[in-house]
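# Close look at the chain arrangement
In case you want the letters, here they are:
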Amino acid sequence: MSIKKHIFSGIQPSGNLNIGNYIGAISQWVEMQKEYDCIFSVVDYHAITVKQKPEELKKRIINTTKIYLAAGIDPEKSIIFQQSAVPAHTELAWILNCYGARIADLNKMTQFKDKAGKNQESVSVGLYDYPVLMAADILLYNTEIVPVGDDQKQHVELARDIATRFNKEFGDAFIIPQAVVKKEGARIMSLQDPTKKMSKSDPNQNNCIILLEDIEDAKKKIMRSVTDSGSDVVYDLINKPALSNLLTIYAILGDRQIKRLEKDYSGKGYGDFKKDLAEVIEKFLKDFQEKYNNISDQEVLEILEAGRIKAQAIASKKLEEVRKLIGVR
Ligand code: AMP
Ligand code: TRP
């Protein structure tokens, strides 16, 4: 038995992954796989909580896996798999729907309220139940740590509550997981409005830099991004939210401390800073896209299949334990 901590996380193969996803989630995973036993899933059954075109979804599953690999997730070290390939996820989600999850909890989920908006009565039941499937993802693998961006903390809290309730009733089946978010970069903001999260579902594409986008377009987006009043390059979330966001992006993609950047740009204006940031973005995207383009679909399919076998072995064991505890076996 390995004594390394167990990590689980995932991203939906919907929309185009952007630097917010990379900075908030994936870059953290890459670091963690050095020390821990990690499992990273392409959570396709979460993606269908809103309508997806079948052909597009199929491509996105492959492409999202390529993004994990290009970012540095190593299939020799970590398990990479497609959620729908391991049926234990949906089965455990059903059991947790009955034992552990409560309507009152789901009614509190801010992501559901944001996504459903005024259409709460007409969106799919899946969108409402999505956090319970996420709890099943996490709990199947004895997960201790869930590295995510800030917006997923509430869902991990719910997984903890569900696990605690289940354990109290049936005995200690589940480890109680914990969300881990990055100190800097857990919430990368829109380039046009620093009060809004950079989001892959944002219709205004000027707000975000997509990992696979044209590099010249990405640079233009940086040059056009909003800044705050004043001209000093300093990190100040209250008075300079836009600049603080750009500094965070620079620090992480350019691998430099924010304090160091403040020093380097003291006496220089926003213009110089943005020009250099555009270059940092260029270098990062070029390197990333080169790696991405070198991965074949065939390679991805093989990695997902190897991952499925490993994930399945862990998940089916846990599920059988749960089936026994609730009395269906
Ligand atoms: P999503 O795009 O909602 O599927 O999110 C996938 C992962 O990226 C989750 O762990 C999110 O918390 C994280 N994430 C999404 N958007 C951002 C953002 N703007 N800043 C930091 N992390 C993010
Ligand atoms: N809900 C997460 C998101 O939208 C994706 C996700 C699904 C996930 N299952 C998970 C993240 C389990 C961490 C652990 O970003």
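Please read all numbers here as calculations on a predicted model, not as lab measurements.

What surrounds ligand 2 is a group of 13 residues, the closest being Gln-12, Tyr-130, Met-134, Asp-137 and Gln-152. Here Tyr-130 contributes a side-chain N or O atom positioned 2.6 Å from an oxygen atom of ligand 2. Between ligand 2 and Asp-137 there is a distance of 2.7 Å, counted from a nitrogen atom to a side-chain nitrogen or oxygen. Coverage of ligand 2 by the protein chains reaches 92% of its 360 Å² of free accessible surface. Every element with two or more residues in the shell around ligand 2 is listed here: β1 (6-11) and α7 (125-139). The element contributing the most residues to the shell around ligand 2 is α7, with four residues. In terms of residue class, the shell around ligand 2 is built from seven nonpolar, five polar and one charged.

With that settled, the discussion passes to the packing of aromatic side chains. Applying the stated criterion to the full structure yields 15 aromatic pairs. Between Trp-29 and Phe-40, the aromatic rings sit 4.5 Å apart at their centres with planes inclined by 5 degrees, giving stacked as the arrangement. Highlighted residues: Trp-29 in helix α1 (residues 19-32) and Phe-40 in strand β2 (residues 37-42), separated in sequence by 11 residues. The pair Trp-29 / Phe-40 is uniform in exposure class, with both members buried. For the ring pair Tyr-250 and Phe-273, a centre distance of 5.5 Å and an interplane angle of 25 degrees mean the geometry is stacked. With a gap of 23 residues between them, Tyr-250 in helix α10 (residues 241-253) and Phe-273 in helix α12 (residues 270-293) connect regions that are remote in the sequence. With respect to burial, Tyr-250 and Phe-273 carry one shared label: buried. An aromatic cluster is defined as three or more aromatic residues linked by ring pairs; in this entry it consists of Tyr-99, Phe-166, Phe-170 and Phe-174. For Lys-66, the ring lying beneath its charged end belongs to Tyr-292, and the centroid distance is 5.7 Å.

About the cut-offs
- Residues numbered from 1 in each chain as written.
- Chains lettered and ligands numbered in written order.
- Predicted model: local features only at pLDDT ≥ 70, side-chain atom pairs only at ≥ 80, totals over all residues.
- Heavy atoms only, no water.
- Near = heavy atom within 4 Å.
- Polar contact = N/O pair within 3.5 Å; in protein donor to acceptor, adjacent residues only side chain to side chain.
- Areas by Shrake-Rupley, 256 points an atom, 1.4 Å probe, with all protein chains shown as cover.
- Helix = DSSP H or I, 4+ residues; strand = E, 2+ residues; numbered from the N terminus.
- Nonpolar A, V, L, I, M, F, W, Y, C, P; charged D, E, K, R; others polar.
- Phe/Tyr/Trp six-rings, centres within 6.5 Å; stacked < 30°, edge-to-face > 60°.
- Buried < 20%, exposed > 50% of the residue type's maximum accessible area, 1.4 Å probe, protein only.
- Lys NZ or Arg CZ within 6 Å of the ring centre and 35° of its normal.

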